[in-house]
Every structure is written in C-alpha cells, then in structure tokens.
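# Topology and contacts: notes
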Amino acid sequence: MPDDLIGELHSSPVITRYAGNPVLSHTDVPYNAALVFNAGVAKWQGRYVMVFRNDYGSVEEQRLEGTNMGLAFSDDGLHWTVEPKPCFEMHDDEIRRAYDPRITLLEGRPHLCFAVDTRHGVRGGIAVTDDFEHFEVISLSAPDNRNMVLFPEKVGGRYVRLERPFPVYSRGGERFDIWLADSPDLRYWGNSQLVLGVERVPFANTKLGPAAPPVKTPKGWLTTFHAVDTDPSRGKNGWEKAWKKRYCAGIMLLDLENPAKVIGLCAEPLLAPEAPYETDEGFRTHVIFPGGIILEDDGEVKIYYGASDTVTCLATAHVDDLLKLCGA
Ligand code: BMA
C-alpha cells in the first residue's frame, strides 16, 4: 500500500463542466445497458461520433452481465442519439471482452484503440473502420497493456501511440507509467520509450494511463492522461464492498517532433471528482476517465470522460488555458 497519501484534490479553475451532464447514460440506450462510460469521440463526416463502453445488466439490481460497445451520433457534441444496436464486441473461448474505446481519425479513417481482456492477460487492440459497422482488427499487443491512443498523424514518418504496459513483477505494486511506441504500418510496434512515470505526477501514488488521443497545437501535442491515487482508508464508494482508488484527469504537453519528451506538465489535476455524479452515484465513484477530446475551431476543447464508471460526461476549457497550465 502506498505511504504517500494524496489528500484533497480540486479541478482546475479553467474547466467548466457541462450543465447538462451526463451527456449519455443507460437510459439513452435502446438495448440492454447499465454502465455507459469511457467513450471515445471524434468529428467525422460533419457530425460528432462516439463509441462508448456498455457494461450491460441491471443498474437497479446492481448486476453486470457483459460488455459491448455502442455507437452514438450528435450534431453539436452535446445531444446524442444512440444507434439501435451495439457496434463492436469481441468474445470467444480466449477473449472475454473489448472495452474503453478511443477514436483517432488517421489518414481520413477512424481508428479505434481498445483494451481486450483475454484468458491470458489484457491486450491492447487497434481496429480501423469506414462506417462504424465493420471493423478490421489490425493489431493486438502482448499482455499486459492497455489505454492505447494513436496520434492523429505520423511523426517523423512513423505511426505513434501512447500506451500503458503493466509490469506487475518488476515495478512493484500497481505503479504503472505512460509509454510510447512507433510503427511503420500500425501492425508492428517497437522503439518503446518511457514518457511519464508515476513519480512525476504529484496527484498520483498508484498508476497513470493515456486518456484521449493527443491533439496537435503549434506548441506541442496536448495530451490528457488519467492519474490514480489509492487510500486504504477509503471504504464503500459504489456498488462494491470497498473502492479505494480515485481517478483524476491530468494534462501535459509533448514535443511535436519527439513526442516521448514531456515539455510541459501541469502539477495539479485538470479534473478531480467533485460533482455528485462523480462522487456520490454509480458503480465506482471518484473515477474520472477521459477518452475523447475535440479541439473546436474557436479554441474550445471538449473533454469527454467516464464518471464513476457509470455515465459519460463533458467538460470544456479553452485551448490557450490548457497550454498555459502546461507552462506554454
Ligand atoms: C481501470 C479500467 C477502466 C475503469 C477504471 C476504474 O482499470 O478498467 O475501464 O474506468 O479502472 O474502474
């Protein structure tokens, strides 16, 4: 157990939560749905598109049966309509489920990154689609790895992704860090480099993970991440007997040409659990898990995040304020 307890945390003053939160919950889904969270979002063909994680079962009975991914569209990024059927699922003798999607528009085509629970460990998957109906899985990592996000363009002639391997033996406990790998073809990944270690984030004592795909700005790749702290004194925070972790969103800036290099890091959380739907209600409270980011033409940044592993929420900030938080 960590002996470096973090204590109270607050969201950055540059952040505004959308007054209509949550933007999506199980009641918006026209099929079996219970926890509707950890979504990836992109602007595609003139609309906003969202792929969300759906752990189905019953909220009333606090019972979960399985996981698939649903699809929703929106004209304004605020009001969403869910398609009649789930869009993506992986399940066979070896694979239990795929979840936590992120969307990157790369060379004009939507690419989905996701985690895959298998009988032999957690793998990170990448798939490509042209219609959000048919997906071609182009790569699955070795275990244990997840929270992958693709950069929206090649850097130095190579495809690049952030990822979060979990070295349980060598690192000690759950101290997991953010890494970067590159690829000539999105299939074969290598040149692994450490980007951000837990010890560099003052509001984490457990693990980190990449959040939404990095956004290109003239000053660097603006990049969200999630940061986890554990406090053994925390008790029942949700449906389970005890939930001792808190997930916050952080923000950093990566070098445009060498994205393994952190050129700015905000020492405080961007978003810490504070709203009732983040602290009081749901499966696992005190979890903010961002997976989608949109930089609008007027500089507004929309950040989509899972709240309490239960609903999908939105917060906004101005890109200049986010860059300032990173010292740029
Ligand atoms: C992580 C992932 C996320 C989830 C978070 C909090 O390990 O499973 O999907 O949001 O835990 O439960």
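Heads up: the structure comes first, above all this text.
Residues numbered from 1 in each chain as written. Predicted model: local features only at pLDDT ≥ 70, side-chain atom pairs only at ≥ 80, totals over all residues. Heavy atoms only, no water.

Before going further, it helps to spend a moment on the site of the ligand. Residues in close proximity to the ligand include Asn38, Arg53, Asp100, Arg146, Lys207, Trp243, Tyr247, Arg284, Val287, Phe289 and Asp309, which together make up its full environment. Within the side chain of Asp100, a nitrogen or oxygen atom sits 2.6 Å from an oxygen atom of the ligand. At 2.8 Å from an oxygen atom of the ligand is found a side-chain nitrogen or oxygen belonging to Arg284. Classifying every residue of the shell around the ligand by side-chain character gives 4 nonpolar, 1 polar and 6 charged. (Near = heavy atom within 4 Å. Polar contact = N/O pair within 3.5 Å; in protein donor to acceptor, adjacent residues only side chain to side chain. Nonpolar A, V, L, I, M, F, W, Y, C, P; charged D, E, K, R; others polar.)

Looking now at the pairing of strand E9 (residues 135-140). Sheet topology note: the strand E8 (residues 121-129)/E9 ladder contains 5 bridges and is antiparallel. Looking at E9, one finds that Thr129 is bridged to Phe135. Joining the antiparallel neighbours E8 and E9 is a turn of 5 residues, in which Phe132 adopts a positive phi near 60°. (Pairing = 2+ DSSP bridges. Helix = DSSP H or I, 4+ residues; strand = E, 2+ residues; numbered from the N terminus.)

Counting across every chain of the model gives 12 aromatic pairs. Measuring from ring centre to ring centre gives 5.9 Å for Trp80 and Tyr304, while their planes differ by 85°; the resulting arrangement is edge-to-face. Taken together, the residues span a long stretch of sequence, with Trp80 in the loop between strand E4 (63-74) and strand E5 (81-82) and Tyr304 in strand E20 (residues 300-307) at a distance of 224 residues. The same class applies to Trp80 as to Tyr304, namely buried. Taking the centre distance of 5.0 Å and the plane angle of 80° together, the rings of Phe151 and Trp221 count as edge-to-face. Of this pair, Phe151 sits in the loop between strand E10 (145-150) and strand E11 (159-165) while Trp221 sits in strand E16 (residues 220-230), and the two are 70 residues apart along the sequence. On the basis of relative accessibility, which here comes to 1%, the residue Phe151 falls in the buried class. The cationic tip of Arg97 hangs over the ring face of Tyr99; the distance from NZ or CZ to the ring centre is 4.5 Å. (Phe/Tyr/Trp six-rings, centres within 6.5 Å; stacked < 30°, edge-to-face > 60°. Buried < 20%, exposed > 50% of the residue type's maximum accessible area, 1.4 Å probe, protein only. Lys NZ or Arg CZ within 6 Å of the ring centre and 35° of its normal.)

Just distances and angles here, no functional claims.
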